[in-house]
Amino acid sequence: MKNYSQRSGEIGDFSDIPFWKKADAADLVYVSYGLLIVTLVVVSYLLGAFHLLPHDPHDIRLDLMMSPPGTAGHLLGTDFMGRDIFSRLIVGIQAYFLPGLLAVAISLIGGSTLGVLAGYRGGMADTAITYFTNLVDSFPRLVLILLVVAAFKPDIYYIMIVVGLTNVPVVASLVKGKILFLKQKNFVEAAVSLGLPARTIILKHILWYNCRSLLIIQATLGMGEAILMETSLSYLGFGVQEPSPSWGNMVQAGANYFMQGKFWPSTAPALAILFTIMGFHLLGDGLNNLLEGKRGR
Amino acid sequence: MKNAPLLKIEDLRTYFYSRSKQAFIRSVDGVNLEIRRGETLGVVGESGSGKSITALSVLGLISGGPGVIAGKILFGSNGEQKDLLDGLEGYVKIGREQNRIMQVSKDVLGWERRSDEVMRTIRGGEIAMIFQNPKASLNPFTPVGKQITEAIRLHTKITDAQEAAERAIYWLKRVKIDSPALRFDNYPFGLSGGMCQRAMIAMALACEPALLIADEPTTGLDATIQSKIVDLLAELKSELGTTTMLISHDISVISRLSDSVVVMYGGTVVEYGPVRDILTASISSKHPYTSALLASIPGEEHVRDKVALQAIEGDVLDTINIPAGCRFYARCNRVTPKIRENCERREPDLREIAPGHRARCWLYFD
Amino acid sequence: MPKTILEVIDLKKHFFHRKGLFSAFSGEERRIPAVDGVSFYLKENETVGLVGESGCGKTTIGRTVLRLAAPTSGRILFDDKDITTATTEQLRKLRGQMQMIFQDLDAALNPKMRIRDILREAITVHHKVSDEEVSRRIGELLEQVNLKKGKLSNFPHELSGGEKRRVGIARVLSVGPRLIVADEPTSALDVSIQAQVVNLLRDLQSQLGLSYLFISHDLRVVELISHKVAVMYLGKIVEMGLSGRIAHAPKHPYTHILWSSLVEKQSKESSSATRNTQSGIWGVFDFERPYSGCRFAPRCPVYESQGRPTVCTDPASEPQLRDIGDGHQVACHFPL
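What comes next is a walk through the structure.

## Some details on a nonpolar patch on the surface
All names here are of chain A. Together, Val42, Val43, Leu46, Leu47, Phe50 and Leu52 make up an exposed nonpolar region whose accessible area comes to about 520 Å². Among the structural elements, valine 42 can be located in helix 2 (residues 25-49). The class for valine 42 is partly exposed, based on a relative accessible area of 33%.

Have a look at this one:
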């Protein structure tokens, strides 16, 4: 049984209702959860940056080694060197926050530049860019990262540059698709014929008005991916190195004690990774449905 | 039964739903019309007048909710008359407030299952349809001849493949496709637009339908091709006498091919009668919309004297915002002080103003 | 004597299509001569109508004339200045004087911008003007195209077809053009709205002294609005002259068929002119079919009735436009 009901509006009063009023409840929940996570991450990043922490994350307390959550003011307990896990979780955000933003910036700027070149110019530029993106796409990302790590040094910024670059093709193809869609509707040609300079058409009409929601969505998804990359590499020992905390190396360090029944040193960062990445992805998904519209409605 | 019309539509309502406005789009909002056996009924109207949706409703081809929600479609062939919407009322619940439909609940799956049951024997066989875009309506991966053959085997008594193929070639020849035996094996992309439309017509007629619905058969074709298709339809009409519902916004096509005409505006029929009364008689005897529409088309006299066209002011009716009074009131130039109040408040019904000629206008009611 | 605003000399625009999967390497290309040697001129405050079937190259001419596409060869003179090889920046400046109305109603309207911003942008493209001047100008434009002020804060998707067309015209007018290429400005509109737009375009011409290149397949509208009409067939102009002459005393068989098909659709019996062309060749119309000599010969009733004279299919003697008096030009060996 499907129900359809009409707003009791006067004749002449059927204007569009704003998107959040007609949105799926699920999408709104996704987006609010995502926004909550993003706020938490940003606030925690700032707290970490200004050292506004309950404990010093590097303070080794041999007397409090592996104490369970709640012991002596340690909210989430301590790790094998007696360091406060909660504080280390907050500081762990430093490991991915700026590098993640760098990755996102690279993928968005690189992607929209290539996308605009391919879509707006077309012809040879399009062919060249398509070959390039296919080449990048066909390379396993992890292998590329390991190559970079081996050639330079295991620095998170190098890794994030690679993550950003490997995300360029996705953004580029989305932007290009959007431009081709606009071109098909003669939209670009009409702007040219009005006498608008190419710069205005690209920056204002294409990127700002027609690609902004797409880019915001890609940014959230890209950030989630960057976090995943950082934590998994740090877990493997290629990313952030001890004693600097990262959620990845915290899980790794704690994993040795998991079997002894001391689950908290690994579980806390693992859950943090889970909820954060879920937050970014749900935010991207929800925004996609809200701003770009769901298919098959 | 002999004199009963082949198709009679009574108070048909087909609504769609706008999510962004949370309101009903009343595409077809109380349509009444009938097609007698052997006649061609022309349906004229602008986009959004509901003419195509009426045809699709008859064939049960409406997708998207709520769709057909009320009315009767009486179709009489093989000596019995049956309602194509019979037994469907149970799946729809309508909530009204002050005579306006405000809420519709529909069991879409149940409705569709029941509708398919009724329509299966009718669609294609009893009622065939020609669509506006012939290239899109033909299967691009099957040769046209094969498509026609399959239709024949599905809808007529001929089941033998060889016989059906011969029949298909006969029909291709009948619609004036040259060297039909060669075209038989052509794929739709190898044919021009006009040729595809001919193939569509052949396919529709090959099933020997009781009713043929032609939805904008000439739109989108070039001027010279259009006139050829119209010629073909006229010739087939005089030879076969197939009962036809011809939908078009092109008045010249309608006036050439039809016996009766229905003029639609904003989801309803505003005028209905024999073609010579509506599209050629003096202006004073017609609904203001019809006469204004005829006047707005550039004719010989405009061109000769280089005078401005008599445009209808305002915009095509938005079928979400249907006013309480006459649907054409806001654009009408023939409102008199005597009837103004009626026009504004009450919707006129479709009443006979001359034998066989009905109009929905207060001007003709006392 | 009004000045010539636009002159087109032997304009050609060919498109190239890659053929097959490996054409990038073999370099095999298919040439489509969408516009194949077209010459005409347009005087100030005058309308030239361009008619023909779909695919005959009318829209391509419009786009090439405004240099939205680069011509393959030929010359385009705007105000006696050659703009065939103008640079992007020069062209950008020229767009203040020549504009295009697109067939697609949504083409000119950014879906995410309000009508006010669309018009403001157009007004400020070529001139730096103050905010007050902008609002004054917007008011003036709305009056010119007969659009309600209340629509200014709407988004394009909230407008009806007729209103979108009016905004499109206002946008084009806002730069103050002298030449407007109107590409099928009425074909996307409803019958009752078409008349409004045709009247509007005519009023604007007399008020502002505009020149139109009016592209359409609607013969009646073209006849009504144009001073001169050029009939195109497969990338070439086959006949050109005053609109009354073209409509009522056509000399080229194609023009004759085009106009009689209009009358014939209405009348109950088909006219004799087209009756004898009712053979199967009538659906054939494309650039890929090889022809030699006159490109209309394969469909031409005169060619048939003359007993297929060889001059019509002689590749060395393709008929050229020649004057037969009163500026009436026709490209046919056997004009009617």
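Having seen the structure, we can now continue with the description.
## Let's talk about the interface of chain C and chain B
Each side of the interface is counted separately: chain C has 38 residues, and chain B has 39 residues. Of the roughly 3,300 Å² buried between chain C and chain B, counting both surfaces, carbon and sulfur atoms make up 51%. At the junction of chain C with chain B, the criterion picks out 0 salt bridges. Counting across the chain C and chain B interface gives 10 residue pairs in polar contact (both at pLDDT 80 or more). Counting residues per element, the ones that place at least two in the side of chain C that touches chain B are helix 6 (161-174), helix 7 (191-208), helix 8 (219-225), helix 9 (243-248) and helix 10 (253-266) of chain C. Broken down by element, the side of chain C that touches chain B gets its largest block of residues, 8 residues, from helix 7 of chain C. Of the residues belonging to the side of chain C that touches chain B, the class tally is 9 nonpolar, 19 polar and 10 charged.

## Describing the pairing of strand 1 (residues 7-18) of chain B
Residue and element names in this part refer to chain B. Direction of pairing for strand 1 relative to strand 4 (residues 66-77): antiparallel, over a ladder of 8 bridges. In the sheet register, threonine 14 faces strand 4, and the bridge partner there is valine 68. Bridge analysis of strand 1 against strand 2 (residues 23-35) gives 9 bridges, and the strand direction is antiparallel. Residue pairing across strands places serine 18 opposite alanine 23, the latter belonging to strand 2. From the end of strand 1 to the start of strand 2, which pair antiparallel, there are 4 residues, and glutamine 22 there has a positive phi angle of about 45°.

## Some remarks on the interface of chain C and chain A
Chain C puts 24 residues into the contact, and the matching count from chain A is 18 residues. Taking both sides of the interface into account, the surface hidden between chain C and chain A amounts to around 1,900 Å²; carbon and sulfur atoms contribute 54%. The tally of links from chain C across to chain A stands at 2 salt bridges. Of the charged contacts, one joins Glu189(A) and Arg63(C) as a salt bridge, the two residues approaching to 2.6 Å between their closest N and O atoms.

## With respect to the packing of aromatic side chains
Per the counting criterion, the structure on display carries 17 aromatic pairs over all chains. An aromatic cluster of three or more residues is present, and its members are Tyr4(A), Tyr15(B), Tyr17(B) and Phe24(B). Over the ring of Phe365(B) we find Arg351(B); its NZ or CZ atom is 3.9 Å from the centre of that ring. Geometry around Tyr41(C) places Lys228(C) over its ring, the cationic atom sitting 3.9 Å from the centre.

## Topic: the side chain of Ser296(B)
Structurally, Ser296(B) can be placed in helix 11 (residues 288-296). For Ser296(B), a relative accessible area of 1% puts it in the buried group. Excluding residues that lie within four positions of it along the chain, Ser296(B) makes contacts with Leu309(B), Gln310(B), Ala311(B), Val191(C), Ser192(C) and Ala195(C).

## A short note on the sheet that holds strand 1 (residues 2-5) of chain A
Either a parallel or an antiparallel arrangement is found when strands of a sheet pair, and the pairing is made through backbone hydrogen bonds. Across the sheet, 3 strands lie side by side as 1(A)-7(B)-6(B); this open sheet has antiparallel pairing. What marks the edges here is a single partner per strand, and that holds for strand 1 of chain A together with strand 6 (92-97) of chain B. The average angle at which neighbouring strand axes cross in this sheet is 20°, direction not considered. Summarising the sheet, strand 1 of chain A and strand 7 (residues 100-106) of chain B pair through 4 bridges and their orientation is antiparallel. Residue pairing for strand 7 of chain B: Asn3(A) is matched across the bridge by Ser105(B).

## Some points on the packing of helix 4 (residues 144-155) of chain B against helix 7 (residues 193-206) of chain B
Residue and element names in this part refer to chain B. Running from N to C, helix 4 and helix 7 point in directions that differ by 15°, and their axes come no closer than 9 Å. Taken together, the axes of helix 4 and helix 7 are roughly parallel relative to one another. Pair helix 4 / helix 7 crosses with right-handed handedness. On the side of helix 4, the interface is formed by Val144, Gln147, Ile148, Ala151 and Ile152, while helix 7 contributes Ala199, Ala202, Met203 and Ala206.

## Considerations on the nonpolar core
Of all hydrophobic cores here, the largest spans 97 residues; its most connected members are Leu6(C), Phe40(C), Ile169(C), Val231(C) and Trp259(C). A per-element tally of this core places helix 7 of chain C first, with 7 residues. Phe40(C) has contacts with Leu6(C), Glu7(C), Val8(C), Ile61(C), Val65(C), Leu213(C), Ile237(C) and Met240(C), leaving out every residue within four places of it along the chain. Of all hydrophobic cores here, the second largest spans 59 residues; its members include Ile148(B), Leu191(B), Leu212(B) and Val263(B).

## Describing helix 5 (residues 131-145) of chain C
All names here are of chain C. With 15 residues, helix 5 ought to run about 21 Å at 1.5 Å a step, and its terminal C-alpha atoms sit 21 Å apart, in line with that. Those residues of helix 5 that sit buried are Val134, Arg137, Ile138, Gly139, Leu141, Leu142, Gln144 and Val145. Buried-residue contacts for helix 5 involve helix 4 (115-126), helix 6 and helix 7. Just downstream of helix 5, asparagine 146 is the residue with a positive phi angle, here 60°.

Here is what the cut-offs are and how they apply
Residues numbered from 1 in each chain as written. Chains lettered and ligands numbered in written order. Predicted model: local features only at pLDDT ≥ 70, side-chain atom pairs only at ≥ 80, totals over all residues. Heavy atoms only, no water. Patch = residues over 30% accessible without salt bridge, like charges linked within 9 Å, V, L, I, M, F, W, Y side chains within 5 Å. Areas by Shrake-Rupley, 256 points an atom, 1.4 Å probe, with all protein chains shown as cover. Salt bridge = Lys/Arg side-chain N within 4 Å of Asp/Glu carboxyl O. Helix = DSSP H or I, 4+ residues; strand = E, 2+ residues; numbered from the N terminus. Buried < 20%, exposed > 50% of the residue type's maximum accessible area, 1.4 Å probe, protein only. Contact = heavy atoms within 4.5 Å. Buried area = accessible area lost by both parts, 1.4 Å probe. Polar contact = N/O pair within 3.5 Å; in protein donor to acceptor, adjacent residues only side chain to side chain. Nonpolar A, V, L, I, M, F, W, Y, C, P; charged D, E, K, R; others polar. Pairing = 2+ DSSP bridges. Phe/Tyr/Trp six-rings, centres within 6.5 Å; stacked < 30°, edge-to-face > 60°. Lys NZ or Arg CZ within 6 Å of the ring centre and 35° of its normal. Axes fitted to C-alpha atoms, helices over the stretch in contact; angles between N-to-C directions. Parallel < 35°, antiparallel > 145°, perpendicular 65-115°, else oblique. Left-handed = near helix turned anticlockwise from the far one by under 90°. Core = buried A, V, L, I, M, F, W, Y, C linked by side-chain atoms within 4.5 Å. Expected span 1.5 Å × (residues − 1).

By themselves these figures say nothing about function.
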